[in-house]
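Understanding the architecture of this molecule
If you want the building blocks of each chain, they are given just below.
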Amino acid sequence: MKFAYKFSNLLGSFYRQGNLSFSKDGNFVISPVGNRISVFDLKNNKSETLPVSTTKNITCVGICPDGNLAILIDEDGAAVLVSLVTRAVLHHHHFHKPVHSVCFSPDGRKFVITKENVALMYHAPGRNREFNAFALDKSYYGPFDETTCIDWTDDSKCFAVGSKDMTTWIFGAERWANLIYYSLGGHKDIIVGCFFEKDSLDLYTVSQDGTLCIWESDSELEDLRKGPKYSERKKMEEKNKRHQEGEENEADDDIEDILGEDGEARGEVIKGSADAPKELEGIKNVRYTQRSKHYFNKEGDFNKLTAVAFHKKIRILVTGFATGAFHLHELPEFDLIHSLSISDQRISTIAINPTGDWIGFGCSGLGQLLVWEWQSESYVFKQQGHFNNMNSLAFSPDGQYLATGGDDGKVKVWNTNSGLCFVTFTEHSSSVTNVAFSSSGFVVVSASLDGTVRAFDLHRYRNFRTMTSPRPAQFSSLAVDSSGELVCAGSQDSFEIFLWSMQTGRLLEVLSGHEGPVSNLCFSPVQSVLASVSWDKTVRLWDMLDSWQTKETLRLTSDGLAVTYRPDGQELAVASLDGEITFWNPQTAGQVSSISGRHDLQMGRKEMEKITAKQSAKGKSFTSLCYSADGESILAGGQSKFVCIYNIKEQVLMKKFEISCNLSLDAMEEFLDRRKMTEFGSLSILDEGTGDGDGVELSLPGVKRGDMSSRHFKPEIRVSSLRFSPTGRSWAAASTEGLLIYSLDASLVFDPYDLDMDVTPTSIRQQVKKKEWAAAILLSFRLNETSLIREVLEAVPYDQIPVVCSSLPDVYVDKLLDFVASTLERSNHLQFYLTWSQCLLTLHGQKLKNRSGTVLPTVKQLLKSIQRHHDDLSKLCDWNIYNIRYADALSKQKGMKRTAAESISDEEQEGSEEMDSEGEEEDLMSEPVMVEK
């Protein structure tokens with residue numbers, strides 16, 4: 001068995017810290033998520049997390065102007081140069097100090113980074129192959145405190161740097177004669193942003209106390225000239241002056257002949273001297289004056305200005321505050337356009353796309369990412385993950401959706417294709433411990449520590465059932481039977497299992513018998529049997545058809561933590577506290593085999609622990625188990641950065657997946673850093689709960705704003721839940737990093753079947769030319785190249801599909817059905833591949849049913865593909881129907897107006913005819929009438 005599962009996507013996290021960036025066309029927003037970056041497609045509503053990671057959390061992201069390269073810098077100053085086209089790492093560099101900001105020049109030739117009180121300018125990597133992609137050009141010193149922000153002029157001649165010492169410095173990117181450096185004051189707080197005007201040296205500076213200063217330069221960008229600096233020019237001018245005075249004394253007698261009437265001849269003599277270069281004529285140093293000063297609305301010290309962005313073309317300034325409010329101003333008039341609020345949390349970063357239509361906001365406190373269209377005042381993109389731990393996850397029966405529950409009391413449902421959350425349920429008032437889908441896939445059930453089990457409808461997006469116990473209980477486990485009629489939840493304080501009816505919400509039974517907290521529940525997929533595992537070292541099998549009595553009791557050697565059934569229901573896997581995974585036959589209640597996984601749970605040493613990682617690993621165990629779709633292997637995870645996959649038959653470890661390499665999380669390193677050790681112990685122990693260290697900020701309970709104290713903690717790496725997709729093509733892990741998706745990367749695996757010398761692409765194409773369709777399909781599957789199989793299948797005439805399907809051997813029917821199921825998910829030839837699947841299932845249905853255990857994942861993947869296309873087409877058809885109805889109603893309205901206009905014209909015409917007839921009658925009345933006698 002081959003395990004080609006690779007990291008595919010990261011869900012549940014949209015923004016952590018750092019700066020947001022838009023792509024060159026403005027349709028993509030790039031957001032740092034921990035030690036990775038995610039790219040969100042705003043047009044197609046999709047997300048992708050790049051398979052590139054840094055050592056620690058990313059704090060700065062710089063995108064080159066053409067959008068092909070990105071520089072990622074983490075908390076320690078380690079930088080990674082990434083190609084956004086190939087998704088590959090091109091270069092590593094370490095700045096050895098934390099970097100505050102990074103910015104490319106508009107021409108893409110250089111970039112500037114700021115660390116401590118220094119600005120460093122580097123040559124940007126170009127098309128030429130270079131040994132060192134980051135070559136230092138110049139170092140700029142000036143600020144007395146840490147630098148905060150950077151901005152370039154449009155022609156890349158100068159750049160401005162803001163600092164915490166309340167000053168802004170303008171530096172020349174080259175050796176300009178009239179601008180070496182310039183310092184601007186005028187603020188009373190930290191500089192948050194500095195921005196040049198378009199094609200100008202005029203500058204805007206914004207400070208943290210909500211003050212905007214507008215600076216006007218007496219020079220233009222075209223006035224910058226290369227040459228010696230001011231001190232050298234001063235010496236040269238003094239030398240010229242002395243030379244001039246000497247000439248005046250020597251030529252005092254001939255002065256009248258040299259001077260003209262207007263006195264211009266002497267200037268020509270001096271300008272033409274060899275000591276005064278002609279390029280220095282008329283040079284004056286660049287000077288700035290403060291044109292105006294403006295203040296934002298202030299609500300106190302806690303409402304600080306935290307983020308700012310400026311668009312040079314449309315001159316829109318966007319400012320974000322610590323209270324979650326943001327303002328839009330038009331500069332330089334400082335006219336207020338909008339003043340809105342997105343949350344009650346601090347806005348961490350703001351970015352504007354190149355066209356100026358969309359504004360991106362990032363809130364690190366909530367993990368929230370928003371893209372707002374300011375002209376129509378509407379959201380383009382609005383996503384937020386679980387801002388606390390993610391406890392559980394569940395796949396829908398077709399594998400198209402994922403449900404997650406977290407400590408924040410929210411239940412979120414995600415689309416696995418787009419990677420985005422489309423509905424959030426907030427009815428729970430405490431941590432959600434477990435979630436599950438019903439067999440129909442349209443009901444999500446969740447258990448919580450608030451003492452309720454809730455059922456949510458995915459059609460109307462509402463909570464339609466709330467199930468409670470007679471006495472308040474904290475539910476820690478949940479299970480829904482295969483029919484979707486029974487819902488059971490285990491309590492961690494009363495040691496009981498409660499059983500409800502999904503239809504009525506009525507409590508059916510309370511199952512008692514366990515002598516410890518119930519840690520996990522699982523229904524058999526083929527029988528009405530419930531398996532429950534508890535801390536009392538037992539697994540109990542409850543018969544749902546026989547008065548809910550205990551059918552069997554399995555004795556464990558240690559506390560039970562997790563239990564799961566194999567997809568065919570013929571085997572039961574149990575994880576216990578001693579690190580063992582035991583396999584049982586539920587029919588005979590006998591143990592089949594066991595796997596010792598204690599040594600596979602390799603774990604790092606926590607900063608607060610006083611024992612080594614090797615000793616602490618002895619007490620670790622698996623807390624989550626999941627069978628693969630074919631039942632041949634099992635996934636296991638727990639309080640570790642590794643997820644293990646075991647072959648059950650051989651009882652061997654097949655592969656260990658490292659879910660994260662982020663050293664910003666706790667328990668990642670096996671040994672403690674000696675540099676953090678003192679004679680009193682580790683510095684982390686001494687500074688516990690105090691200081692402004694790295695990690696997640698922790699506020700006082702109930703405090704929404706005004707909490708000025710600083711408490712941080714480093715979250716511990718762990719895997720709380722594991723699930724295999726019903727299609728068998730992917731699996732998901734709920735971890736501290738977020739919701740990690742691992743998928744099969746079939747395009748990189750060459751796995752031929754029954755290969756021979758005669759099986760070549762040339763021979764396959766010859767069979768296609770001879771119209772030997774069945775032979776060509778068999779040969780293509782023996783070579784097993786995806787592109788070639790697709791080429792052969794799409795060459796088969798539509799009317800020949802039933803004939804070809806009937807002549808295929810049984811071995812190739814499974815392979816062809818699997819290929820059709822995977823291809824249908826991405827192909828546009830819907831009717832063609834649906835005909836293939838229909839013929840295969842119709843002609844070979846009975847034989848496939850006998851092999852249902854191996855074919856079931858393929859059928860589920862086929863259902864997932866069909867369902868996704870059905871949803872897309874139904875939406876498109878509904879939209880077309882709406883447009884047709886609208887056009888029809890519009891045409892009828894125009895027709896009514898036309899008929900009304902015609903009737904009015906007819907009435908006018910009839911009225912004119914009547915007037916003419918009346919006129920004729922009046923004429924007749926006026927004429928004399930001859931009457932015969």
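All of these numbers come straight from a predicted model, not from anything done at the bench.

Cut-offs used in this document
- Residues numbered from 1 in each chain as written.
- Predicted model: local features only at pLDDT ≥ 70, side-chain atom pairs only at ≥ 80, totals over all residues.
- Heavy atoms only, no water.
- Pairing = 2+ DSSP bridges.
- Helix = DSSP H or I, 4+ residues; strand = E, 2+ residues; numbered from the N terminus.
- Axes fitted to C-alpha atoms, helices over the stretch in contact; angles between N-to-C directions.
- Buried < 20%, exposed > 50% of the residue type's maximum accessible area, 1.4 Å probe, protein only.
- Contact = heavy atoms within 4.5 Å.
- Polar contact = N/O pair within 3.5 Å; in protein donor to acceptor, adjacent residues only side chain to side chain.
- Patch = residues over 30% accessible without salt bridge, like charges linked within 9 Å, V, L, I, M, F, W, Y side chains within 5 Å.
- Areas by Shrake-Rupley, 256 points an atom, 1.4 Å probe, with all protein chains shown as cover.
- Salt bridge = Lys/Arg side-chain N within 4 Å of Asp/Glu carboxyl O.
- Parallel < 35°, antiparallel > 145°, perpendicular 65-115°, else oblique.
- Nonpolar A, V, L, I, M, F, W, Y, C, P; charged D, E, K, R; others polar.
- Lys, Arg positive; Asp, Glu negative; His and termini not counted.
- Charge placed at Lys NZ, Arg CZ, Asp CG, Glu CD.
- Core = buried A, V, L, I, M, F, W, Y, C linked by side-chain atoms within 4.5 Å.
- Phe/Tyr/Trp six-rings, centres within 6.5 Å; stacked < 30°, edge-to-face > 60°.
- Lys NZ or Arg CZ within 6 Å of the ring centre and 35° of its normal.
- Expected span 1.5 Å × (residues − 1).
- pLDDT = per-residue confidence, 0-100.

**A word on the sheet that holds strand E16 (residues 168–172)**
Taking strand neighbours across the sheet as the criterion, the four strands line up as E14-E15-E16-E17 in an open arrangement whose pairing is antiparallel. Of all strands in the sheet, those with a lone pairing partner are strand E14 (147–152) and strand E17 (181–184), marking the two edges. Averaged over all adjacent pairs, the angle separating strand axes in this sheet is 20°, with direction ignored. Relative to E16, strand E15 (residues 158–163) runs antiparallel, the two being bridged by five bridges.

**Thoughts on the environment of Asp457**
Tracing the sequence through the fold places Asp457 in strand E36 (residues 452–457). Overall, Asp457 belongs to the buried group, its relative accessible area being 13%. Filtering out sequence-adjacent residues up to four positions away, Asp457 remains in contact with Phe425, Phe442, Arg462 and Phe464. Only 3.0 Å separates the side chain of Asp457 from the backbone nitrogen of His459, close enough to count as a polar contact.

**Topic: a nonpolar patch on the surface**
A cluster of nonpolar side chains, contributed by Trp879, Tyr882, Tyr886 and Leu890, occupies part of the molecular surface with about 470 Å² of accessible area. Looking at where Tyr886 falls in the secondary structure, it is placed in helix H13 (residues 852–926).

**Some thoughts on the packing of helix H6 (residues 761–769) against helix H8 (residues 786–795)**
Where H6 contacts H8, the axes come no closer than 11 Å and their chain directions differ by 5°. In this view, H6 runs roughly parallel relative to H8, as classed from their interaxial angle. In this structure, H6 uses Pro761, Ile764, Arg765 and Val768 to contact H8, whose residues at the interface are Leu788, Glu791, Val792 and Ala795. Looking at side-chain class alone, the contact of H6 with H8 contains six nonpolar, no polar and two charged residues.

**Observations regarding a negative patch on the surface**
A surface patch of like charges, here negative, comprises Asp199, Asp218, Glu220, Glu222 and Asp223. Relative to the helices and strands, Asp223 resides in the loop between strand E20 (211–217) and helix H1 (230–250).

**What to know about the pattern of salt bridges**
Proximity of charged atoms lets side chains of opposite charge pair with each other. If you walk through the whole model with that rule in mind, you get 20 salt bridges. Across the salt bridge formed by Arg87 and Glu48, the nearest N and O atoms sit 2.9 Å from each other. In this pair, Arg87 sits in the loop between strand E8 (78–83) and strand E9 (88–94) while Glu48 sits in strand E5 (residues 46–49), placing the two residues 39 residues apart along the sequence. Arg87 sits in the partly exposed class, given a relative accessible area of 27%. Exposure remark for Glu48: the relative accessible area of 33% places this residue in the partly exposed category. Across the pair Glu116 and Lys97 runs a salt bridge, and its minimum N-O distance is 3.8 Å. Of this pair, Glu116 sits in the loop between strand E11 (110–115) and strand E12 (118–123) while Lys97 sits in the loop between E9 and strand E10 (99–104), and the two are 19 residues apart along the sequence. A relative accessible area of 38% places Glu116 in the partly exposed class. Through salt bridges with shared partners, one network takes in Lys110, Asp137 and Lys138.

**A word on the side chain of Asn9**
Its location among the elements puts Asn9 in strand E1 (residues 5–11). A polar atom in the side chain of Asn9 sits 3.1 Å from the backbone nitrogen of Thr49. With sequence-adjacent residues up to four places away left out, Asn9 is seen in contact with Ser47, Glu48, Thr49, Gly419, Leu739, Leu740 and Ile741.

**Some words on the packing of H8 against helix H10 (residues 810–824)**
At a minimum axis distance of 12 Å, the contact between H8 and H10 shows a crossing angle of 95°. In terms of their interaxial angle, H8 and H10 are classed as roughly perpendicular. Contact with H8, carried on its side by Thr786, Ile789, Arg790 and Leu793, involves Leu816, Phe819 and Thr823 of H10 and no other residues of that element. In terms of residue class, the contact of H8 with H10 is built from four nonpolar, two polar and one charged.

**Quick look at the nonpolar core**
Residues Ile777, Leu793, Leu816 and Trp836 are the most contacted members of the largest nonpolar core, which totals 33 residues. Counting residues per element, this core draws most heavily on H10, at eight residues. Here Leu793 is in contact with Ile777, Leu816, Phe819, Phe832, Tyr833 and Trp836, once residues within four sequence places are set aside. Judged by nonpolar contacts, the second largest core, of 24 residues, contains Phe40, Leu42, Val371 and Ala734.

**Quick word on the packing of aromatic side chains**
One pass over the structure, following the stated rule, counts 38 aromatic pairs. A ring pair is formed by Phe40 and Phe381, whose centres lie 5.3 Å apart and whose planes are at 50°; its orientation type is tilted. Taken together, the residues span a long stretch of sequence, with Phe40 in strand E4 (residues 36–41) and Phe381 in strand E29 (residues 378–384) at a distance of 341 residues. Each of the two residues, Phe40 as well as Phe381, counts as buried. When the centroid spacing of 6.1 Å and the interplanar angle of 70° are considered together, the rings of Phe296 and Phe321 count as edge-to-face. Residue Phe296 is found in the loop between strand E21 (288–295) and strand E22 (305–311), and its partner Phe321 is found in strand E23 (residues 316–321); the two are separated by 25 residues along the sequence. In this pair, the class of Phe296 matches that of Phe321, namely buried. When the ring centre of Phe7 is taken as origin, the NZ or CZ atom of Arg36, which lies over that ring, is 4.1 Å away.

**Observations regarding H10**
Across its 15 residues, H10 extends 21 Å between first and last C-alpha, which sits within 8% of the 21 Å expected from 1.5 Å per residue. Among the residues of H10, Tyr812, Val813, Leu816, Leu817, Phe819, Val820, Ala821, Ser822, Thr823 and Leu824 are the ones counted as buried.

**Section: the confidence of the model for the protein**
Averaged over every residue, the pLDDT of the protein is 82; residues scoring 70 or more account for 82%. Across residues 251–276 the pLDDT falls below 50, and counting only partners more than four positions away or on other chains, this stretch makes 18 contacts in the model. Ignoring residues within four places in sequence, the model shows residues 687–693, a span with pLDDT below 50, making 10 contacts including any to other chains.

**Considerations on helix H7 (residues 773–783)**
Most of H7 is tucked away: eight of the 11 residues are buried. All of the buried residues in H7 are Trp773, Ala776, Ile777, Leu779, Ser780, Phe781, Arg782 and Leu783. Buried residues along H7 sit against H6, H8, helix H9 (801–806), H10 and helix H11 (830–843). Just downstream of H7 lies Asn784, where phi reads positive at about 60°.

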